[in-house]
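Structure assessment
This is what each chain is made of:
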Amino acid sequence: MENKKAFFLECYKHGIIKFGKFTLKSGIESPFYVDLRPLASDPKILKQLAHHLLNLLPDRNFDLICGVPYAALPMATAISLESQIPLIIKRKEAKTYGTKKLIEGVFQKGQSCLLVEDVITSGKSLLETIPEIENEGLSVADILIVLDRQQGGTALLESKGFRVHTLFTISEVCTILREENLLDDKQVQRINAFLEGNPIQFDTPSRLSYEQKRERQNHSAAKKLLEIALDKKSNLIASADVITTKELHELAENVGPHIVALKTHIDIITDFDYDKTILPLIDIAQKHNFLLMEDRKFADIGNTQELQYSYGIYRISAWADLITSQVIGGSPSLDFFHNSGVIAIVGMSSKGALTDANYREEALKIALSHPNVIGGVAQNPIPEELLLFTPGINLETSGDGKGQQYSTPQHAFKNLQTDFIIVGRGIYKADQPEKAALDYKIAGWQAYTDALKKP
Ligand code: 5BU
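Just so we're clear, the structure is a prediction, and the values are computed from it rather than from any experiment.

Our next topic: the overall build of the chain. Within the chain, the secondary structure is distributed over 16 helices and 16 strands. Taking 2.2 N^0.38 as the reference for a compact globule, 455 residues should give roughly 23 Å; the C-alpha atoms of the chain span a radius of gyration of 29 Å, well beyond that estimate. The principal-axis extents of the C-alpha atoms in the chain amount to approximately 95 × 45 × 40 Å. Every one of the 455 residues in the chain was classed for burial, and the buried ones make up 49%. Once local pairs closer than 6 in sequence are excluded, the contacts in the chain between residues at least 24 apart make up 64%. Total accessible area on the chain is roughly 21500 Å²; 50% of this is exposed by carbon and sulfur atoms. Taking the 50 positively charged and 57 negatively charged side chains of the chain as two groups, their mean positions are separated by 5 Å.

Dropping the structure here:
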C-alpha cells in the first residue's frame, strides 16, 4: 500500500486530478476532474504504471492487449513492452477508406484480449468498445483500469461477467490526499456526497469564526490568541518597528488595549537590555492582555535556530509567545521552538518576493504537518487549519517606496480570508498611535464580521 501511495503521489504531481466545480460530458456537475493523459509524458511514471497495472492481474495469460483510445493507448503500449503481450490498436472510428479496419495490428480470431482503460465512470463507453473488439472474433474477459470514479461503472461491467482490475478508486485517492493535507475535510465531504449521489453544495462556505478556530486549534498560543481576539473584539497586531526601549514601551502602553499581539523586531532596539527592555514589556503585555510576537524570521538549520531562539542577549524563548520562522531549512529546523507558537513564512508582502506558488505549496506542507506551527504569514489564502497573519496593511497608502505592498483590512479578510492583520507604520508613525490602533482595530473587526456574513 505504501508503495502504491507513494506512486499515486508522484502521479498527482502531474496535475491529474483537480478539485473544484466541473461540468462533465454528461452535463453532471462534479467536484473533481480526472485527466490521466499527462502521465504518458513522463516515461518513468508510465513504466511504473505499467508495472503496477500488471501486478493487479492474477496471471498474464493473454494473447493481446488493447487500450481504449486515446488516453489508454500509451498505457497499453507500456504494458505490452513490460509484459511482452502483443499490442493491437483500436481506432476511435473505422477508416472510411481502404480496409475500413477498426482494429489495427496482428491478431487472429479466437484470441483473448486484455483491455486497458484510464478512467472508468459509468462504464457505458467500455460497454460500447468491447463489442467492437469482440466483433473481430476476439474475446474480452479482463479489464485493467487506472482510476475508478466510483460511479457505477465497475459494478455494471462485473454484472456483465467481466473481471475488472482497478489500481485506484477515487475514495482511496481522497484518503491519500487527505492524509497528506492536500485536501481538506470539506472537500472530502463534498466528494463523498457526490459519490453517494447527493446534490453538492458548491457555494463558497463562509469562513470559520474565531470561536470555531479556537475549538480546532491544539496549540496553547493559538488558543490564547483567539481568546484575546474574542475578548477584545480585535484582530489587530501592531508592529513595533521602533528603535529604542522607551518608544517600545510607550507604544505598547498606548496601543495595548486595542491589540491581540505586539510584534517586535527585537534586534533593532539600539539600547536593548533584557531586564530593562523585556521585563517591563512583559508587564505591559500582561496588563493589557496581549501576546508578544517576535518577528525573527529564523532561517537556518535546526541547531543554529535552537541557539538563536534561546541564547544570546535576546533570549527569545523566554518571552515570545509567538515567533516567525522561515521554513527554508525544512521541517526539522522548527523542532526546537518549544515555548512559542510558530508562524511560518509562506509568502511575503514585498515586491519581487521569491515565495512563488511552488515555494508556498512546499512551505504549507511543512506548516501543516509541524506541531509547533500555528499559522503562516502569506499574501494568499491558506488552509483553514492554520491561522493566517497578513502584514502589508495600511489604510492610507499602497506602498512605501521600498518594496512594501499594502492592502486594506477589507481586502485581507474578504480575499485572503485572513485571521490577523499586522500594521506597522500605519500605527507607530501616526500622529496619535493610540487612535490609529483603535481605527485599525475597528476596521479589522468590521472586515472580519463582514467576511463571516458572506454566503
Ligand atoms: P509596515 O510598516 O506596516 O509596512 O510594517 C510591516 C511589518 O511586517 C514589518 O515589521 C515587516 O518586517 C513585517 N512583514 C512584512 O511587512 N511583510 C512580510 O511579508 C513579513 C513581515 Br513575513
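So much for the structure itself; the text now carries on.
With that settled, the discussion passes to the site of the ligand. In the region of the ligand, 16 residues are neighbours, and D241, K263, S349, Y406 and R425 sit closest. Side-chain polar atom of S239 to an oxygen atom of the ligand: 3.1 Å apart, as the coordinates give it. One of the side-chain nitrogen or oxygen atoms of Y406 is found 2.6 Å away from an oxygen atom of the ligand. Each residue belonging to the shell around the ligand can be placed in one class, and the counts come to 6 nonpolar, 5 polar and 5 charged.

With that out of the way, let us pick up the packing of aromatic side chains. Here the structure, examined in full by the defined rule, presents 15 aromatic pairs. Here the aromatic rings of F7 and F168 are separated by 6.5 Å at their centres, their planes lie at 20 degrees, and the arrangement is stacked. Here the residue F7 occupies a position in helix α1 (residues 2-12), and F168 occupies one in strand β8 (residues 163-169), the gap between them amounting to 161 residues. Of the two residues examined, F7 and F168, each falls in the buried class. Sitting over the ring of Y274, R315 keeps its end group 3.9 Å from the ring centre.

With that settled, consider helix α7 (residues 185-195). Residues of α7 that are buried: V188, R190, I191, A193 and F194. Buried residues in α7 make contact with β1 (17-23), β2 (29-34) and α6 (170-179). Where α7 begins, the side chain of D184 points an oxygen toward the backbone nitrogen of K186, at a separation of 3.2 Å.

Read from one edge to the other, the open sheet built from 6 strands follows the order β5-β4-β3-β6-β7-β8, with strand pairing classed as mixed. Each having just a single partner strand, β5 (103-104) and β8 make up the two edges of the open sheet. Relative to strand β7 (residues 139-148), strand β6 (residues 112-120) is paired through 7 bridges, and the arrangement is parallel. From the neighbouring strand, I120 faces β7, where its bridge partner is D148. Seen against the sheet, helix α2 (residues 43-55) touches β7 and β8 and runs at an angle of roughly 125 degrees to β7.

The next subject is the sheet that holds strand β13 (residues 341-345). Two modes of strand pairing occur in sheets, parallel and antiparallel, and in both the strands are linked by backbone hydrogen bonds. On the basis of which strands lie adjacent, the closed barrel formed by 8 strands has the order β9-β10-β11-β12-β13-β14-β15-β16 and parallel pairing. This sheet shows a mean twist of 25 degrees between the axes of neighbouring strands, independent of strand direction. Examined bridge by bridge, strand β9 (residues 236-240) and strand β10 (residues 261-264) share 4 bridges and lie parallel to one another. Residue S239 lies in a different strand from β10, and its bridge partner there is K263.

Moving on, we come to the environment of D42. Along the polypeptide, D42 turns up in the loop between β2 and α2. Taking the C-alpha atoms as reference points, D42 and H14, 28 residues apart in sequence, are found 8.9 Å from one another. Among the polar contacts made by the side chain of D42, one reaches the main-chain amide nitrogen of K44 at a distance of 3.1 Å.

What counts and how
- Residues numbered from 1 in each chain as written.
- Predicted model: local features only at pLDDT ≥ 70, side-chain atom pairs only at ≥ 80, totals over all residues.
- Heavy atoms only, no water.
- Helix = DSSP H or I, 4+ residues; strand = E, 2+ residues; numbered from the N terminus.
- Rg over C-alpha atoms; globule rule 2.2 N^0.38 Å.
- Buried < 20%, exposed > 50% of the residue type's maximum accessible area, 1.4 Å probe, protein only.
- Contact = heavy atoms within 4.5 Å.
- Areas by Shrake-Rupley, 256 points an atom, 1.4 Å probe, with all protein chains shown as cover.
- Lys, Arg positive; Asp, Glu negative; His and termini not counted.
- Charge placed at Lys NZ, Arg CZ, Asp CG, Glu CD.
- Near = heavy atom within 4 Å.
- Polar contact = N/O pair within 3.5 Å; in protein donor to acceptor, adjacent residues only side chain to side chain.
- Nonpolar A, V, L, I, M, F, W, Y, C, P; charged D, E, K, R; others polar.
- Phe/Tyr/Trp six-rings, centres within 6.5 Å; stacked < 30°, edge-to-face > 60°.
- Lys NZ or Arg CZ within 6 Å of the ring centre and 35° of its normal.
- Pairing = 2+ DSSP bridges.
- Axes fitted to C-alpha atoms, helices over the stretch in contact; angles between N-to-C directions.

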